[in-house]
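Each chain, letter by letter, is given below.
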Amino acid sequence: MLRIIWRVLVILVCGYLFIEWAPITYPFHFADILVGPIIYPLEFFAASLAFFFGLVISLQLFRLLLQMTFKIVKQKRRKR
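Calculation rules
Along each chain, the written sequence defines residue order, and numbers are assigned to residues from 1. Selection of residues for local features in this predicted model requires a pLDDT of at least 70, selection of side-chain atom pairs for listing and counting requires 80 or more, and totals for whole chains, interfaces and linings are taken over all residues. The side-chain quantities take in all heavy atoms of the structure and omit both hydrogens and water. In this description a helix means any DSSP run of H or I spanning at least four residues, a strand means any run of E spanning at least two, and both kinds are numbered starting from the N terminus. Type-normalised accessible area, obtained with a 1.4 Å probe on protein chains alone, sets the label of each residue: buried when under 20%, exposed when over 50%, and partly exposed for intermediate values. Side-chain rings of Phe, Tyr and Trp (the six-membered ring for Trp) are treated as a pair once their centres are within 6.5 Å; stacked means planes under 30 degrees apart, edge-to-face means over 60, and tilted covers the remaining angles. We place a 1 Å grid over just the protein atoms. Points where a 1.4 Å probe fits but has no way out form a cavity, open points with protein on both sides within 12 Å along at least 5 of 7 lines form a pocket, and any residue with an atom within 4 Å of a point lines it. Grid points are joined across faces, edges and corners, and a volume is the space filled by probe spheres set on the points. Residues are grouped as follows: nonpolar covers Ala, Val, Leu, Ile, Met, Phe, Trp, Tyr, Cys and Pro; charged covers Asp, Glu, Lys and Arg; every other residue, Gly included, is treated as polar. We call two residues in contact whenever any of their non-hydrogen atoms come within 4.5 Å of each other.

## Re the overall build of the protein chain
Counting its secondary structure elements, the protein chain contains three helices and zero strands. In the protein chain, the succession of helices and strands from N to C terminus is α-α-α. Each principal axis of the C-alpha atoms in the protein chain carries an extent, and together these give about 60 × 25 × 15 Å. Going through the 80 residues of the protein chain one by one, you find that 12% of them count as buried.

So this is what it looks like as structure tokens:
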């Protein structure tokens, strides 16, 4: 259970860092999205890494929760 909590916290931190490092301007202009990585390459790279790690950990957590759910369902079916 502690492992799941740590993964959720890491996902939240990665999401926060992605939001902080991604150069998003308001009002939204498509040209800013294309030019942003050229003007701010370090922030773009850091935001990309945070997004990638958050996505990978999210998928691992989803897989773990799905496996645990199937395990619980199998055990309940065996008890019948």
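## Some words on the packing of aromatic side chains
Any aromatic ring pair is given by two values, namely how distant the centres are and how the planes are angled relative to each other. Scanning the entire structure with this criterion turns up two aromatic pairs. An angle of 45° between the planes, with centres 5.4 Å apart, marks the rings of F18 and F51 as tilted. With a gap of 33 residues between them, F18 in helix α1 (residues 2–21) and F51 in helix α3 (residues 41–79) connect regions that are remote in the sequence. Given the relative accessible area of 30%, F18 is considered partly exposed. Overall, the relative accessible area of 46% leaves F51 in the partly exposed class. On the basis of an interplanar angle of 55° and a centroid distance of 5.9 Å, the ring pair of F52 and F53 is categorised as tilted.

## Let's talk about the layout of surface pockets
Rolled over the atoms, a probe as big as a water molecule pinpoints where empty space is left. Of the voids in this model, the largest pocket is the one considered here, and its volume is about 190 Å³. Every residue lining the largest pocket is listed: F18, A22, P23, I24, D32, I33, G36, P37, F44, A47 and S48. For the lining of the largest pocket, the elements supplying multiple residues, two or more each, are α2 (30–39) and α3. With four residues, α2 is the largest single contributor of residues to the lining of the largest pocket. Here the residues of the lining of the largest pocket sort into eight nonpolar, two polar and one charged.

## Observations concerning the environment of L17
Within the secondary structure layout, L17 lies in helix α1. Taking C-alpha positions, L17 is 9.8 Å from G54, a pair spaced 37 residues apart along the chain.

## Observations concerning the environment of G15
By secondary structure assignment, the location of G15 is in helix α1. Since its relative accessible area comes to 31%, G15 is described here as partly exposed.

## Some words on the environment of I4
With respect to the helices and strands, the residue I4 is situated in helix α1. Once the C-alpha coordinates of I4 and L65 are considered, the two residues, 61 residues apart in sequence, prove to be 8.9 Å apart. Setting aside residues up to four positions removed in sequence, I4 forms contacts with L61, L64, L65 and M68.

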